[in-house]
2 protein chains.
Amino acid sequence: MHKKPDPARRSERSRQAILQAARELVTEVGYAKLSIEAIAARAGVGKQTIYRWWRSKGAVVFDSFLALSEDTQGMALPDTGDIEADLKTVMRATVAEFADPAFEAPIRALNMEIVADPELAAQYRDKLAGPVDEAKKERLRSAQRAGQIAEDADLDLALELLYAPVYQRWLLRTGPLTPEYADALVDAVLRALRP
Amino acid sequence: MHKKPDPARRSERSRQAILQAARELVTEVGYAKLSIEAIAARAGVGKQTIYRWWRSKGAVVFDSFLALSEDTQGMALPDTGDIEADLKTVMRATVAEFADPAFEAPIRALNMEIVADPELAAQYRDKLAGPVDEAKKERLRSAQRAGQIAEDADLDLALELLYAPVYQRWLLRTGPLTPEYADALVDAVLRALRP
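Residues numbered from 1 in each chain as written. Chains lettered and ligands numbered in written order. Predicted model: local features only at pLDDT ≥ 70, side-chain atom pairs only at ≥ 80, totals over all residues. Heavy atoms only, no water.

Colleague: Teacher, can you tell me more about the side chain of Glu160(B) here?
Modeller: Along the chain, Glu160(B) turns up in helix α8 (residues 155–172). Among the polar contacts made by the side chain of Glu160(B), one reaches the side chain of Tyr181(A) at a distance of 2.6 Å. Leaving out residues up to four positions away in the same chain, Glu160(B) has contacts with Pro165(A), Gln168(A), Arg169(A), Thr174(A), Tyr181(A) and Pro165(B). (Helix = DSSP H or I, 4+ residues; strand = E, 2+ residues; numbered from the N terminus. Polar contact = N/O pair within 3.5 Å; in protein donor to acceptor, adjacent residues only side chain to side chain. Contact = heavy atoms within 4.5 Å.)

Colleague: I keep staring at the packing of aromatic side chains and nothing clicks. Help me out?
Modeller: In this description, an aromatic ring pair is defined by two values, namely the gap between the centres and the angle between the planes. In this structure the tally under the stated criterion is 8 aromatic pairs over all chains. Relative to Tyr124(B), the ring of Phe62(B) has its centre 6.4 Å away and its plane inclined at 70°; by these criteria the two rings are edge-to-face. Of this pair, Phe62(B) sits in helix α4 (residues 57–68) while Tyr124(B) sits in helix α7 (residues 118–145), and the two are 62 residues apart along the sequence. An angle of 45° between the planes, with centres 5.1 Å apart, marks the rings of Phe98(B) and Trp170(B) as tilted. Of this pair, Phe98(B) sits in helix α5 (residues 83–99) while Trp170(B) sits in helix α8; the two residues are 72 residues apart in sequence, bridging distant segments of the chain. Ring pairs connect the aromatic residues Phe98(A), Tyr167(A) and Trp170(A), which therefore count as one cluster. A cation sits over an aromatic face here: Arg52(B) above Trp53(B), 5.5 Å from the ring centre. Directly above the ring of Trp170(B) sits Arg108(B), whose terminal nitrogen or CZ lies 4.6 Å from the centroid. (Phe/Tyr/Trp six-rings, centres within 6.5 Å; stacked < 30°, edge-to-face > 60°. Lys NZ or Arg CZ within 6 Å of the ring centre and 35° of its normal.)

Colleague: Sorry if this is basic, but what is going on with the interface of chain B and chain A here?
Modeller: It is common to give the size of an interface as the accessible area lost on bringing the parts into contact. Taken residue by residue, the interface counts 30 residues in chain B and 30 residues in chain A. Overall, the association of chain B and chain A removes approximately 2800 Å² of surface from exposure, summing both partners, and the carbon and sulfur fraction of that is 66%. Its largest share of buried area at the contact with chain A, chain B owes to Val115(B), Glu160(B) and Arg173(B), together 21% of the area lost on that side. Run the count over chain B and chain A and you get 2 salt bridges. Glu160(A) is the salt-bridge partner of Arg169(B), the closest N and O atoms lying 2.8 Å from each other. Linking chain B with chain A are 14 residue pairs in polar contact (both at pLDDT 80 or more). Counting only elements with at least two residues in the side of chain B that touches chain A, the list comes to α6 (101–116), α7, α8 and α9 (179–193) of chain B. By residue number, the principal contributor to the side of chain B that touches chain A is α8(B), which donates 11 residues. (Buried area = accessible area lost by both parts, 1.4 Å probe. Salt bridge = Lys/Arg side-chain N within 4 Å of Asp/Glu carboxyl O.)

Right, dumping it as structure tokens:
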């Protein structure tokens with residue numbers, strides 16, 4: 001049988017090539033110098049192909065990061081029954097990720113976009129931060145059931161107390177991002193949440 | 001006696017006019033559309049006068065905010081002897097400032113600059129955040145002497161726990177900035193710091 005070209009599959013291949021090119025280029029040249037032309041050239045597509053799917057450079061870069069984390073959707077946090085040990089595992093990994101120079105340029109670029117663009121910020125909350133926060137709160141609820149966290153603790157505030165200091169330290173470069181810092185943060189937040 | 005022109009005084013007047021123009025314009029048109037030309041026109045000086053003192057648009061805007069806070073240098077936090085009441089007063093004011101639309105555009109613009117430019121971030125820490133943080137820590141030390149906060153509490157971490165959640169909420173627009181939020185934050189952080 002004669003094999004016909006599959007437009008849907010070709011289209012998906014182009015989309016993936018564009019997203020990968022956007023991720024690579026933002027890391028190599030930084031967000032400010034990144035151009036739609038350069039993404040198109042690296043991906044081997046025309047500029048119009050990109051504008052058919054995305055309205056701006058920021059939107060492509062955003063989706064390129066969203067694609068990275070798509071397989072972490074629905075992820076659960078470790079639950080060994082020990083909230084302190086589990087949170088330290090998670091926060092050490094978070095701190096290490098922020099401290100990794102390979103993530104620095106693209107994640108900083110993404111943050112600049114989100115800070116400047118309320119629509120992108122809303123998308124980020126709905127598609128990325130929201131589902132991940134839900135998984136984190138599920139782990140805190142399990143600790144509440146185990147009597148390790150106060151029943152009436154505000155879990156949104158708890159997540160902010162855990163993550164905002166790391167985010168601010170990284171964003172404003174105000175201090176080292178070390179495993180000791182992750183542990184100190186978890187200890188302090190668990191004291192605040194004690195039953 | 002014949003009055004001679006005073007170049008130092010005229011120079012300071014120009015400097016103040018430039019800083020005020022930068023503040024006004026960043027609020028009116030946003031940082032992205034702000035130009036050195038527009039600042040010069042509004043301040044009634046030549047472009048070269050601006051470039052004599054500042055290396056970039058970001059540097060002028062930064063100094064324009066620094067000038068605003070110069071008279072708060074050495075400021076002390078209220079100390080009524082009640083750390084909970086005092087921190088709630090301070091954090092409600094902080095939250096209200098972040099929630100004020102008049103501050104929104106210029107402070108967001110300043111933050112974008114700081115996030116993108118490590119040199120500016122270092123200046124910001126040294127000239128602005130550092131002295132203010134020292135005043136805040138002085139109040140926490142007074143609470144330590146009064147037995148209201150653990151003697152071995154990490155005061156840098158304490159400040160991050162208090163301020164980073166507000167900063168993140170504002171920057172990423174992830175939740176309301178209300179007096180209730182300020183109070184809940186102070187309550188949680190004081191639980192974490194209890195002796």
